[in-house]
Structure formats: C-alpha cells, structure tokens
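# Tertiary structure, described
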Amino acid sequence: MTCRLSTVAVCQCMTKVKVQLFPDIVDANDDVPLGTEGWDNWPGWGEETDEASKNASKKASQNDWLHACLVSLSPCGDLMAISRNDRAMLLKAKYEDQGGNGSGVGYEIIKELYDAEEKAKISSIMCLPLASHNKTSYGAQDWTCVIIGFTSGYVKIYTETGVLLLSQLLHEDPVLKLKCRTHETHRYVGIADQVEELTILYPKALVVVDGFSLYQTLRACRNQVARAAAGGSELMTPPPLAYKKWGLQEQDIVYDFVSCGVTSTNAFDQLCSSSLLGGYGASTKTSTSATYLYVTTGVGPYTGFFYAAEGSSQPMLSEVALNMASKLKTAFINQMSSTGSKYLGGWLGQSVKPNKEETRPKIEPPTPLHIKFGLPDLRRHGETLSLSPNGNLAATTDDFGRVILIDIGRGIVVRVWKGYRDAQVGWIKVKDSSESQRKLKKAARVAIFLVIYAPKRGILEVWALQQGPKVAAFNVSKNAKLLYPGYGVLGLGSTVSEEIITHQCSLIDADGAIRTLIVPFHLALSDKNSRRARDLQLLNELKGLLKEHKCDSCELQQDVLSKLRAVKAASIVQQGLERVLSTRYLEPATMQEIVGCILAQINSHEIQPGAVEEKILHHFCQLYQQLLHTYRDVCALKGEPPSLEAASTGDSMSLAVLLNTTEADVENIEQLLSEYRASSVRDRVRFADATDMEVGKFFACFHGNPSSQDSVNVERLTIRLNGELQDDKRLSLGAFLFGPVLAGNYSSSKLLVVLKASGILPENFFSLLLHYWLSKDDWQVGATNLYSMVKDLSIWQGENKTNDSATWWQTMRTRCSVSTCISSASIAALVGQSVSALLNCNGHSSEQSECEKSDAAEKPSEKISESEWLDLSSDAEQWRYLVQQLQDLLLLGSVFKSQPVMEESAEKTGFGDILLSVDSMLFGGRGAITDLVARWIGKVGITAKAVSMALRSDIDLSIDSDEAMHTDESLDELAGKSAADDDMHVNTCKAQLRKLVMHFPHSVSHDSVLSNCCWEYAVCWNKDPEMVGLLQQSLQFLKLIKNGILQHGVAAMLWHTFVLQKFEATARLMEKVKKSPKASLCRKEIGMTDTALRDMMAQCCSLLDIIMQADVEAEEIPVYGVIEEPWMSCQGPVPLVELVIDQRLCYYAPVSLHYQLAVVLHAILTYTLKSVKPLSLYHAKEASCFFKDLQSLLVLVTNVNIGARTEFLKKLITAAVTALPLPVSSTSVGSEQVESYDVTDVGTPSTSTTDNTSALTNAAAKQEILNVVEMSHWCSKAIELGLEWQGINVDSLRMHYVCELYSSGYDKLAEEVLLTVSNHSAIGLDLLVIAGQRLISLRSNLGTKELVDSRTHVTLNLQYWLDTIGNSTLRSQNISLPELQMLVSHVINQIPEQRWEYDIAMELFESVQSMNM
C-alpha cells in the first residue's frame, strides 16, 4: 500500500574498490597492507596541529568518496562500473548466501581497466546491455558492454570482461556525457517509433551514433575477439562507426543534454510560426517535417532547444577514405625504401619511417545546429538534465539548488522545487497491474514519478507528476549516489514488447548497499479528487495480494485488514470482502475475524441516515457473519464423537410404530426394497459421499438481500437458498448439512439448533434434505434418521408459520413423484405420510383443547368442521395413492433391472436403462406400463414365442379388476401355486413376466404387450435400417397376436409408418435402373445396402401377407383402456392398442396388388434379374394406386401385358432353377426330402424335419435340400403370380418349369411337376428334344467301339433328327442311361400316336434300350 525502499543487492567489495580508486585515502576499518602502519607513520609532536586538520579533511573525503566517482549500473543489474581519473573497476553480479537470510545478489570485481597509452582521464562511463537474437533466447539480454569517454575525445568500448572492442576519436574536445536511447513500445497508435542511438556530448558538439549500426558493429567485434582468442589469430582493425556530428550554436556553455527523438510540430503551431514570420500572406506546407529534438542545459541560455531536420546531414565516412589513403601511402613508401629509397626518397619528400603524429585521424568539422529557442536566465547555471521515460518531461538541477520540471512539447517550466542543492534526479514508471486492467485486455495505465535525492539533507523523495503531491520520503545516507540509466536493452527493436529492465532508479551507498524504489500505482491517484480511483486501486492491490499467496497466514490477514481499513467507500469495502470470502485457501476463522473487524469498525460510530452504502455494507457483514457461524458450527458437530441418541433401530415392530402402519405392511415393503436393491447391485466401484465442503462454495449456495432500511432486524437477517444453484452444488450442500445426521453420527436435534440460529428459512433446508435423500438409491441407513429430521423441520416450519402445511407436504409429494430413485422415494413417502398424519392429529387436538378452555364457560366445544375433515382425508388419500404407486414402481424396477436367464434370445433393441418415476408414468398415458414392459423385453432380447407363452399361462387372468386389486390373498395363493409349478425362484423370463401379469392384470395383457413389442422393434429398425433382423423380430410378435382386428391394425400402421416409404423408393429405383441396384446406389437412394434391401423386401412380403390373412370378420372389437386403480388418473398420449382399433380396415385388392409387387421386387433382388421394369408389368390404372392408402378401393384390370408378365415369370423360374448347383450324383433330391421343409420359411426346418434329416449326415446333402426348398418356393411364387395375373397360361409356366428341371438334372422333381401339366402333347414334344440332347451328350462320352455299336442301333431317320437338334441347351451333362430311359418313357406317354414325333420317340426308346443291354 505504501512506497518502499527495498535492498536488491549488496556489494561487499566496495572497500577494495575504494582502495584501488583512492590509494591516498585509507580508512581505519579498511584492510591496509602489512608494514604500512607503524611508529614511523605517526605524526611528530611538533606537527600535532597540522596533522589534526589534515585528518579531519581526510575523514570527510573517506565518507563522500563515491561522489567523486563516475558510477554506471546496467538496467538489468548484471554489471556495474565505477571509475575515477584514469581507472575503472568492473563489478559483476552474483548470487551469494547471506548467512541464514537466504540467497541474495552481490557484486565482485572482475576487471580493472587502465590504459597506460591513454594519458587522458575518464570523463563519462556507461554499462549498456545488448539483446540476444538467438531463437532460444530471442529478446533476452545477451551480454553487456562498457562504453568509456575520455577527456582526449576518444570513445572506447569494452566487453564485460574488459577486452577492448572498439576505439575511435570522434571529436578533439573532452567527452562530457554519454547517453543512450533504446526502443520503447508506445501505448497509443500513431506515435512515431523512436530510433535507437548513442549520443555523445562535447563542449560544443553533439555526436549521434545510430543504434542499429552500433549493435551490429559490437556483435561483429565481439565475435572476432572470440575467434581470435580461440584460434590465436591477430585481431583485425574494426571499421569506424558511422555517426552524425552537430555543432551546438548560440549557447555559451553546455553541461548536459537529452535526446528527445523524432518530434513533429502540430498544425496549429506551424500556422502560428508561419504567420509570425511571414505575415498575413505567408505560405505553409501541408505536412510538417519530422525533426530530432535535443535539449541542453548550461549557461546562456539556461536551457536550449535544438531541432535538427531529418536527413539534413549524412553520416561522416571521411575517416574510412583517410585510413585507406594512409595505408596505401605507407605501403608505397615501404616498398620504395627497400628498392630505391636513395633515388626517390628525397624527391617524394618523405622519410623511411612515417611520422606517428600523422597517423592521428582527421576530424571532420560538425554541422552547425542553431538553437531554436531557450529558457534564458543569466544568473542560473544548469548542471544536469534528465528525461522522463515517456519523453514528455525533463528535470534540471542548477547551482541555485532548484529542481525544475520542463514540459518538452511546449517548452515551458511547469514546476519548481526549492532547497535541493547538489540534487540528483531520476524517474520511475509504474504500470497498473490490477486485475480489472488485465480483464480489459487493453494497454495498462502508466504513472510517472520523479525521484529527487538531496545529499546535503540526506533525504530521498518521490513526487507524483505533474502537479501531484509528495508521495514518499526516506532518510538515507548523505554519501549515496542516485543512479538512473534512462535506457534499456539495445537491439530489441519493435518485435519484443516485454520490458526486462529491473533497475529503473537505484540508490547506491558508500558501504555497497544497492536499493531500489517500489512505488504502488495508486499513489498517483492520491489526489483529493481521486478518492474513488484510489479505493479502486486499493481493491486491485487486495485482489493481487490474495492471488499471490497460496496459504493462510497471520501476516496475510493483517495486510488484508490494513487495505480494507484504508478504503473509504463502503461499496468498495463490500467488493473487497466479497473477494476475501471467495478465496479458497483462507480459513473460516480468518474470514470471520476479517468480517468481524469490519463489522466492529462500522458499529464503532453511528451510521448517518443518508449513508445507504454503509447500511448495505453493515447488513452484508451481518449476513456473512451468520453464514460463517453456521458453517463453523456444522463443522464442529462433525468433529464430535457419534451420539447414542442417533442410533436407529431396524426391526419391523419399531418401524411399524414409527411409520404408523402394520407390521405386515412393513415386511411387504422391506421385501420389495430388498428385491429392488438386489436387482440393482452391480460390480462397480463405490465412493463414499463427500460430506466436507469449502466455505466459499458454501457461501455461493445462499444469498441475502442487504437492505438500507432501518426497520430490518440486523441481529438475525433472513437468508435464502440460491434459486439458480446447480444440482451438483445443491447435492454437495445437502451432503454437508444432512449427511452425518442421516448416517447416524449425531442427532437431528443438535443440528436443528444450529439451523435455527442461521437465519435461513426452514423450507430451504427441507428442499435440500429431500434433494440429497432422493439423489441416490443405495442408502445403507434406515428410515429412522430421515423420520427424525423431517419431523424436526416440519415442527420448526409450523412454529415460524412461514408456509402453509398443505404446500409443505405437497412439495414433498412432488419431489417424490419426479424422483427416479424409487427406493429412496418410497421410504420418503412413507416417512412423509407418517409425519403428516402425526402433526395434523396433534395440531387439531391442540386447537380443540384451546377452544374447550376458552369457551367452556360460555358454550360447549364445537366439533371440527366438515371442510377440515375433507382436507385431512384428501391429504391422507394423496399419500396413500403415492405410496401405492411407488410400490408398483418398485416391482417394475426390480424386473427391469434384472437379467433373466433365457434358453433362446432374439435381436436386442439396444435401449439404455429404463428410468422410472411416478410423474413420468402419470403423464405417459394409460399405456405407459405396457410401453415400458415392451421396451424391457426388447432390451433383454426375449423371443416372441417365450413372451407369448408366459403371458398365456394357466393362471386365470380374467378376474374382475376390483378383485384383482383388493383380494391380495387369493392372488398370492395363485402366484405361489404358479411359482411352485414353474420354478418362480429361478430368474427366468417366464417368472418375471408372470410376476408382472399378477400385479398388472390389465396393463400387461397378452395382445397389448405383443403389439407394443412389435411397435418397439419397428421403431428401432427405422432408426437403423441395416438391422433387418429387428423388423423380422417385430413381425414375429405381430404373428402371435390373437385378436385379428388388433393384428390387422398393427400391421397396417407398420406398413404406412415405417415400410411404405422405403418400399416406394425401392420400386421406383428398380424401375429406373431395370435391374437390381448396386450397393452404393442403394445406400445413396434408400439408405441401406443391397443385402439389407433384399432382406427387407422379404419382410415386406410377410407383412402384406399378414394383413391379407388377418381374420378381421370373425373377431369382435376388443375392449382396452382399463387400468389399475392407482394409475387411473393418468394423462398423456393415447395407448397404442386404442390407436390401432381406431384404424380403418384395409381392402383386399390394394393389399394383394402391393403384395404382388413386393414378390416381384424380392425376386429381382434375390436373383439379380436384368431388363425388368417392375412397375411396367401393371396397367396405368393399377400403377396409379401404388404407394397409397390400403383403405382405398381398387378395380383390377385383366389381360394386361401378358407377354411381358409371362416372360418375367419364365425368367424367374429359369433363374431359380439355374441357381441350384448341379447334382453330384445321379440320385437327385426327391419330394420326400422337400416336403419335410416349410417352403414358406426357407432355411427353417419344420417339426417333422428332425427325423428325416437325421439320416443326411453329409453337410453337402443338407445344403442341397435347402437349395431345392428355396427353388421350389420361388417357382411356386411364380405360378401363384401367374394365377393372380389373369390371362397368363399357367400351364406354359409349369412346362417351362419341368423343362428347366430336366435340363439341370433334377429328374425326380421334374416328374412330380410333370403330373400337374395338362397339355401333354406340348410337354411331350419339349421333353423329346431334351431326351435327344441327353442321348447326344451320352454318346459323346463313349469310346470308339461303344460309339460304333450304338450307331448300329440308330435308324437313319433318328440320326437325322439328332443332327438337327444339337445339345447346347442342356445344363447338366452328367446323364445316366436309366434316367434317359425313364425320360423317353415319359415322352412316349405324353405324345399322341398320330404325330410323327411319336415314331421318333419309339426309335429313341429302342436305341436307348439297346445301349442298356
């Protein structure tokens, strides 16, 4: 909060420095060389007076020796140089142990600079740090050079180890001052960047060296020195520096100067100057030229302002040409002296040895720079001049003991300080590092302070500018020296904005202590008109103080209190307290102490009536004082040992008495809870509840309304729970307050005392208690502790009368209804029912007794009114319904959380955990229970047959609803009998479903559950069309629905809701591409692959077939909508069964038409038929009825596209038969194997299949049977389509079927189909060709001898006929003679004797018979 003078380093070697620089001054405490002190050195008796005066002057010079030295400290603090006369000492910073006080910074002597050749004295010295441009340390300090100016005019630059880098004579006068200007980031846009430069002051000249050129030259020289030291090579002469030289004109004497950089005159000043100089008609330039401003101080005038136009003088490079000419001249003379010096030496006028005086470089004259204006004062002599960091102000000292502040931009004096003889000045720039500035992400505010050191008075002062007060003053040594470098690191440029200056303004004492000033930013705001700004700054410092520390301490507490007490505005104090109370690492005791001190400070004086902010602060402190008391009291209760009063009893008898119910009801509830919790147990890691809470989070859970009204009771203010509190924080607060009580660590009565004293409303605590209790389902404690806590809070609420009792209990019922933790809600409902009944009974009895006492003398006591009894009965009835509903949910939850054992599982829907709550069930409609049961069946994956068998059990479920709900004993007997018969103790699907049927006879009926299961599977398939198995499982449930009307309605809804859109997209796509689409095209247009599309089309056929086969006429409309008694008040969506019953019946014609199209599409997808347009097979009138409602009438058109339809069906038969593999043997599959398979369900053997297929041990034979079954299925579908499509010759299809079978070698199947053909002549002719082709194929496989023998039995007529038919159409070439002979016999039986083909058949039969002999 205040300005400090902090010691940053201690130089232990100052005595050695003094000995080296002042060898004639030896202090008694200094280390003196041995032998220099003895009797010989003592003064004589006669010289006592003279020696005493000499010792007095010598003692004075010993103390102020530092004033006679030139001292320069690097801005980074790594190097310090001290010089006197012709010697300089270089001191380097190092870390050293300070003997128990930790590590600190010290300095050690690393080099003594003394140039024997240079006969001049050191007149100025500077330590200049240079930046690094390496990638790893870009912008950091690299090294520090030492620049020394001599009285001879030379400027020499050394490394930090004393190695000479550069030496150059820039002017022949003594060097007076060395100053440097480095880059500084500007706070505002539009200000020109200041160039880096080194300026050297001579008595009548000013030399300016460019900073960039100097940086590059010094880097090159240092690298050359390093290479020379490493390789042993000679040093090369470095190139001279490029510089500008100005001759300062019209000022008598110059002692000091500052370079203000590039400046530009504003437009107004330019116009004024032009008007004064040129008059009314003077012309002016549109833009002002940039100039360099140099300000000097000295004599005549006292202060001068010199403006040098930019680019008016070029760097002086004449020395380069002069050095080159000198070298050429020397080389030429040396060469001539070695060859012909006797002839040419005299003529050239030069001797052999060059003159040393002529090697001195030629000095160019300076460019005249005239003074523009000044501050004339004939008697005043300026001594020093220092520029502020922002370049706007400058401070001068003079021989009159004045410190004068000058405005550089306006050229005027703005302030004068008197009484500072031999003063030394410096500057400190302080940035506002408060948190508010960091949040704004803008340039930080900057304050400039002037530091004045008066050695005559031994005082160091800090002044706020420009007209600010003195903010600090320190008594310091009179022999110290103030060091203000005024520059930073050279070579940073504009790429690095961070400042690395550590020593802005330092004070070095003669004993070696280096101290720096630390000035807070808010001291710049200490003016009387900036009180609020000062308070805000103190607030920012408080925030920074709390952020810097990581743990609590007494020192931190005192600092926080001092800052809060220093703040004047009450609103700012409140903000500071809010920040203190939100600090996590502060202990509650510390917070309470701080709040108590502020509260005591407010109470120490009377609050004025109009002090609104102070009243609000008073209430704020009182609010948090109450919260802190509550927090600490709760923590103290946790530290106490467990109380015996809080121990809860868990037997049924005590619970029955406590809950005001029977012991049988308690045992029933405990059984339901045990089953529910047993089904919920899973192998997982459990963590104990965190009952601890940080005080800051505790505060965030509450809020109060600090008021400025005088009528508010300050002793106990009302505190409310934060309405926007998140659930996790609310849960943490509940665990902190009520966790130990519910666990039985201490009684609820002790906690109630603490809660009553807090000022927090009881309904807030009641809400927290319910929220915490209903947050989990795995409570390991009984209901006794919860009962005690609810009872105590309810009695407290009745005493305060802050809320109606009906609203109080309705809040509890609502919280239990919306909770998904069923077991916790059940216990809470029982506790609420018991406590409500107890308090209502006690309340009415007390009211009645009071009435009796008051009215006993006048009239008899009145009875309780009818409305009051109605209120009591309504409340009790609501509790009863809630308890029954929660018990029903306990049963449902125990079933839903179980994993039943299943012999066979189906596709799973992938539903997550089913969350139950009374509220969701009441607003889920009358079919909510049925929906949840169906969802659980799909989640577990129970097959449709298992569900149907479980729901159609032998238990009589047709009992009346009233008996079902009230005759619990009969139901229990039936359930026990069923459990004994079916092993109910085993966790099976049947057992779980029967349990649900017994408890919910109306909601869990057979057809209702199957309908909802069918719908749930269809919904899941619609989300993921690739999972066609879900749709198949949905149809399995659909097939098992007993009621035809319900089955028909569910199927129709499935078709219109989920299937029709994909069915239409498939048909139109195949109509477009004329074939089975590829997988990529299917995925793009329909959203599934070609394989999934084929399976979906098979299910479409099954779905349409179910719609056609549903017996809707024989069934009566079922009655649904009856529900169990506790759920009769359900509201919400209409149940699925009621929606299905309201559906209109579908007409057979449109269903049949869509079924035909589905078979066509399925056939194309199965056998990848090409060149088929499915929609073109129908008439335009029929095609217009596609993909519309099945409830619309349709008139079928006959004899349409007979040719195209016949061609498609024959193509289908051909594809089905050719898809069969060729028989491996002559014994093909017969009808006895095929009939044992259900051809409507390919791949699924029927019941009679087991015995027949047991003989087929060969896997290939089994697969052959499956292939034949599928082929027979599709050929049958083709013939059925031919029958549906009127006008098609079905007999031709059968003949084509027979021919394809004989061509593929399946003779037995062909013989069976042959019996169904009616056109014997046509089929005989077709089979005759096949028999002839078989004979040709058979003869082609014979040897030469057998072939010659076979030809002898063939007539010429038969041979001619065989040559004309060929054998290219036969698919199977593996033909046996018995099969051929059987085929020819069938041909003879089919062909009439009148046809000539009959003779060919007879000859063929004879030929085959002769081959078989």
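The following refers to the structure shown.

So, how was this worked out
Residues numbered from 1 in each chain as written. Predicted model: local features only at pLDDT ≥ 70, side-chain atom pairs only at ≥ 80, totals over all residues. Heavy atoms only, no water. Helix = DSSP H or I, 4+ residues; strand = E, 2+ residues; numbered from the N terminus. Buried < 20%, exposed > 50% of the residue type's maximum accessible area, 1.4 Å probe, protein only. Contact = heavy atoms within 4.5 Å. Pairing = 2+ DSSP bridges. Phe/Tyr/Trp six-rings, centres within 6.5 Å; stacked < 30°, edge-to-face > 60°. Lys NZ or Arg CZ within 6 Å of the ring centre and 35° of its normal.

Turning our eyes to something else, we now look at the overall build of the chain. Looking only at helices and strands, the chain has 46 helices and 31 strands in total. Scored against the burial criterion, the 1413 residues of the chain give a buried share of 47%. Long-range contacts, defined as pairs at least 24 residues apart, comprise 72% of the intrachain contacts of the chain with a sequence gap of at least 6.

Time to look at helix 27 (residues 989-999). Burial runs high along helix 27: 8 of the 11 residues are buried. Within the span of helix 27, buried status applies to Cys 989, Ala 991, Gln 992, Leu 993, Arg 994, Leu 996, Val 997 and Met 998.

Glancing now at unusual backbone geometry. For the peptide bond that leads from Gly 300 to Pro 301, omega is 5°, which places it in the cis range. Structurally, Pro 301 can be placed in the loop between strand 15 (291-299) and strand 16 (303-309). Note the cis peptide between Leu 465 and Gln 466, where omega equals 0°. Tracing the backbone shows Gln 466 in the loop between strand 25 (459-464) and strand 26 (470-475). A positive phi angle, close to 65°, is found at Glu 250, a residue other than glycine. Summarising the element assignment, Glu 250 is placed in the loop between strand 13 (243-248) and strand 14 (253-263). Positive phi, normally seen in glycine, also occurs at Lys 1074, with a value near 65°. Relative to the assigned elements, Lys 1074 resides in the loop between helix 30 (1044-1073) and helix 31 (1079-1085). In this structure Lys 1074 comes out as partly exposed when scored by relative accessible area, which is 41%.

The next thing to look at is the environment of Met 789. Locating Met 789 in the fold gives a position in helix 18 (residues 784-800). Excluding residues that lie within four positions of it along the chain, Met 789 makes contacts with Phe 738, Val 741, Ser 748, Leu 751 and Leu 769.

With that settled, consider the pairing of strand 24 (residues 446-454). Here strand 24 lies mainly inside the structure; 8 of its 9 residues are buried. Examined bridge by bridge, strand 23 (residues 424-431) and strand 24 share 8 bridges and lie antiparallel to one another. For Lys 431, the partnering residue across the bridge sits in strand 24 and is Val 446. In this structure, strand 24 lies alongside strand 25, joined through 6 bridges in antiparallel fashion. Of the residues in strand 25, the one forming a bridge with Ile 452 is Glu 461. Count of turn residues in the strand 24/strand 25 antiparallel hairpin: 4 residues, of which Gly 458 carries a positive phi of about 65°.

This part takes up the environment of Leu 483. Turning to its location among the elements, Leu 483 is positioned in strand 27 (residues 481-483). Residue contacts for Leu 483: discarding those within four places in its chain leaves Val 71, Leu 73, Gln 504, Cys 505, Ser 506 and Ile 508.

All chains considered together, the criterion is met by 23 aromatic pairs. Seen in terms of ring centroids, Phe 698 and Phe 699 are 6.4 Å apart; in terms of plane orientation they differ by 55°. Their pairing is tilted. For the pair formed by Phe 698 and Phe 699, the shared burial category is buried. On the numbers, 5.7 Å between centres and 40° between planes, the contact of Phe 1186 with Phe 1187 is tilted. Both residues of the pair, Phe 1186 and Phe 1187, belong to the buried class. Taken together, the aromatic side chains of Phe 620, Tyr 624, Tyr 631, Phe 698, Phe 699, Phe 702 and Phe 736 make up a single cluster linked through ring pairs. Lys 156 extends its terminal NZ or CZ atom over the ring of Phe 150, reaching a point 5.4 Å from the ring centre. Cation over ring: Arg 380 sits above Tyr 302, and NZ or CZ is 5.8 Å from the ring centre.

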